[in-house]
Amino acid sequence: LLLSDYAKNRVGSTRGGLYLREFETICEEWIVKVDEARALAAAGRMDEAKTILSAQVTPRGERLSQITKEWTQLNESLAANAGSAAIKSIETSKRNQMFSVGGALVLSGFLGWLTFRKIIHPIRALQTSVETIAGGDYVNDVPFTGSTDEVGALARSISVLKQGAAAMEEQRWIKAHAARLTGELQVSVSLTEFGNRLTSGLIPVLGGGVAGFYTFDSVSERLLRVAGYGLAENSGMPESFALGEGLAGQCAADRKP
């Protein structure tokens, strides 16, 4: 029986080594793919970056989760075998058996907790973060960026990727709206039409409420409102004002926003 238990433990240790080597290999591959996706994103190749994240980074994260799960199960199995061997030898050393079982249970629980805290939980959180970024959501922060281990390095790489993707998305948004608004303004044939097109196209995009468009009249030397957006008849907004009158008039006089 002792020889059989010894053989089982040797086999378990070998499997544990295989899990460790596979875990290290996949982690290295994950880092390479994340860096590759970040480089593609920085180069403006967002579709290729998203493809790498969904097709290569996420599956590796799932495999890492599976490895840690099987690894934990192996540790539990080894602990159970150790407990069983201790029970079988209770007739010769009951006291030693009690210490062995207690030590095995404590060690198993500690390893399970440590594995979950250091590996499974961070990997699942980073996997969720990568999927969120790939889906175009750049609001949430990447977790574990402050960690000093390999998980922290992965998290910081993903954070850099997120920042680059968010910046490119913002520039794309600005260019798209600017191009559309410029095209609409070019067909204006009067100041009134220009003002109406500008305010109706710009204010909703910026999340504004109401707006007035004024132009300077050289005869009266006042700013006259020629167009507006969302203005009620009794809004109280003046039809005209002089240069230097109020904040808007001062800005007009100084020719500064």
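Now for a quick tour of the structure. (Residues numbered from 1 in each chain as written. Predicted model: local features only at pLDDT ≥ 70, side-chain atom pairs only at ≥ 80, totals over all residues. Heavy atoms only, no water.)

1. What about the environment of Val-130?
- Along the chain, Val-130 turns up in helix H3 (residues 94-134).
- Distance in space between the C-alpha atoms of Val-130 and Val-142 is 8.5 Å, their sequence separation being 12 residues.
- The residues contacting Val-130, other than those within four sequence positions of it, are Leu-53, Val-57, Thr-58 and Ile-158. (Helix = DSSP H or I, 4+ residues; strand = E, 2+ residues; numbered from the N terminus. Contact = heavy atoms within 4.5 Å.)

2. Re the pattern of salt bridges
- Following the criterion strictly, the structure yields 9 salt bridges and no others.
- Arg-172 is paired through a salt bridge with Glu-169; the nearest N and O atoms lie 2.7 Å apart. Note that Arg-172 and Glu-169 are positioned in helix H4 (residues 150-185) at a spacing of 3 residues, about one turn of the helix.
- Take Arg-172: its relative accessible area is 46%, and that puts it in the partly exposed class.
- A relative accessible area of 33% means that Glu-169 is categorised as partly exposed. (Salt bridge = Lys/Arg side-chain N within 4 Å of Asp/Glu carboxyl O. Buried < 20%, exposed > 50% of the residue type's maximum accessible area, 1.4 Å probe, protein only.)

3. Comments concerning the packing of H4 against helix H5 (residues 191-206)
- Packing of H4 against H5 brings their axes to within 9 Å, and their N-to-C directions diverge by 160°. With respect to H5, the axis of H4 lies roughly antiparallel. By crossing handedness, the relation of H4 to H5 is classed as right-handed. Contact with H4, carried on its side by Trp-173, His-177, Arg-180, Leu-181, Glu-184 and Leu-185, involves Phe-194, Arg-197, Leu-198, Gly-201, Leu-202 and Val-205 of H5 and no other residues of that element. (Axes fitted to C-alpha atoms, helices over the stretch in contact; angles between N-to-C directions. Parallel < 35°, antiparallel > 145°, perpendicular 65-115°, else oblique. Left-handed = near helix turned anticlockwise from the far one by under 90°.)

4. Some details on the side chain of Ser-157
- Note that Ser-157 resides in helix H4.
- Judged by relative accessible area, Ser-157 falls into the buried class, the value being 12%.
- The contact partners of Ser-157, leaving out residues within four places of it in the chain, are Val-34, Asp-35 and Arg-38.

5. Points about H4
- Between its terminal C-alpha atoms H4 stretches 53 Å, which fits the 52 Å expected from 36 residues at 1.5 Å a residue.
- Taken together, the buried positions of H4 are Val-151, Gly-152, Leu-154, Ala-155, Ser-157, Ile-158, Ser-159, Leu-161, Lys-162, Ala-165, Leu-181 and Leu-185. (Expected span 1.5 Å × (residues − 1).)

6. Remarks on unusual backbone geometry
- A positive phi is found at Glu-221, a non-glycine position, where the angle reads about 55°.
- You can call Glu-221 exposed: its relative accessible area is 54%.
- The phi dihedral of Arg-255 is positive, around 55°, even though this residue is not glycine.
- Mapped onto the fold, Arg-255 is located in the segment after helix H6 (246-254).
- The class of Arg-255 is exposed, set by a relative accessible area of 79%.

7. Regarding empty space enclosed by the protein
- In this structure the tally under the stated criterion is 1 cavity of 30 Å³ or more.
- Empty space within the largest cavity amounts to approximately 40 Å³.
- Surrounding the largest cavity, Met-46, Ala-49, Lys-50, Leu-53, Ile-133, Ala-134, Leu-161 and Ala-165 form its lining.
- Those elements giving two or more residues to the lining of the largest cavity turn out to be helix H2 (46-88), H3 and H4.
- Considering each element in turn, the lining of the largest cavity owes the most residues, 4 residues, to H2. (1 Å grid on protein atoms, 1.4 Å probe; cavity = no way out; pocket = protein on both sides within 12 Å on 5 of 7 lines; lining within 4 Å. Points joined across faces, edges and corners; volume = space filled by probe spheres on them.)

8. Side note on the packing of aromatic side chains
- Counted according to the given criterion, the structure contains 2 aromatic pairs.
- Relative to Phe-213, the ring of Phe-194 lies with its centre 5.9 Å away and its plane at 55°, an arrangement referred to as tilted. Of this pair, Phe-194 sits in helix H5 while Phe-213 sits in strand E1 (residues 211-217), and the two are 19 residues apart along the sequence.
- The interplanar angle of 55° and the centroid separation of 4.9 Å between the aromatic rings of Tyr-214 and Phe-241 together place this pair among those described as tilted. Taken together, the positions of Tyr-214 in strand E1 and Phe-241 in strand E3 (residues 240-242) put the pair 27 residues apart, joining distant regions of the chain. (Phe/Tyr/Trp six-rings, centres within 6.5 Å; stacked < 30°, edge-to-face > 60°.)

9. Here's the deal with the sheet that holds E3
- Across the sheet, which stays open at both edges, the 3 strands sit in the order E1-E2-E3 with antiparallel pairing between neighbours. Edge strands, defined here as strands with exactly one partner in the open sheet, are E1 and E3. Strand-to-strand, the axes of this sheet are offset by a mean angle of 30°, without reference to chain direction.
- As judged from the 7 bridges shared by E1 and strand E2 (residues 222-229), these two strands associate in the antiparallel manner. Looking across to E2, one finds that Asp-217 is bridged to Arg-222.
- Along the sheet, H5 makes contact with E1 and E2, crossing E2 at roughly 55°. (Pairing = 2+ DSSP bridges.)

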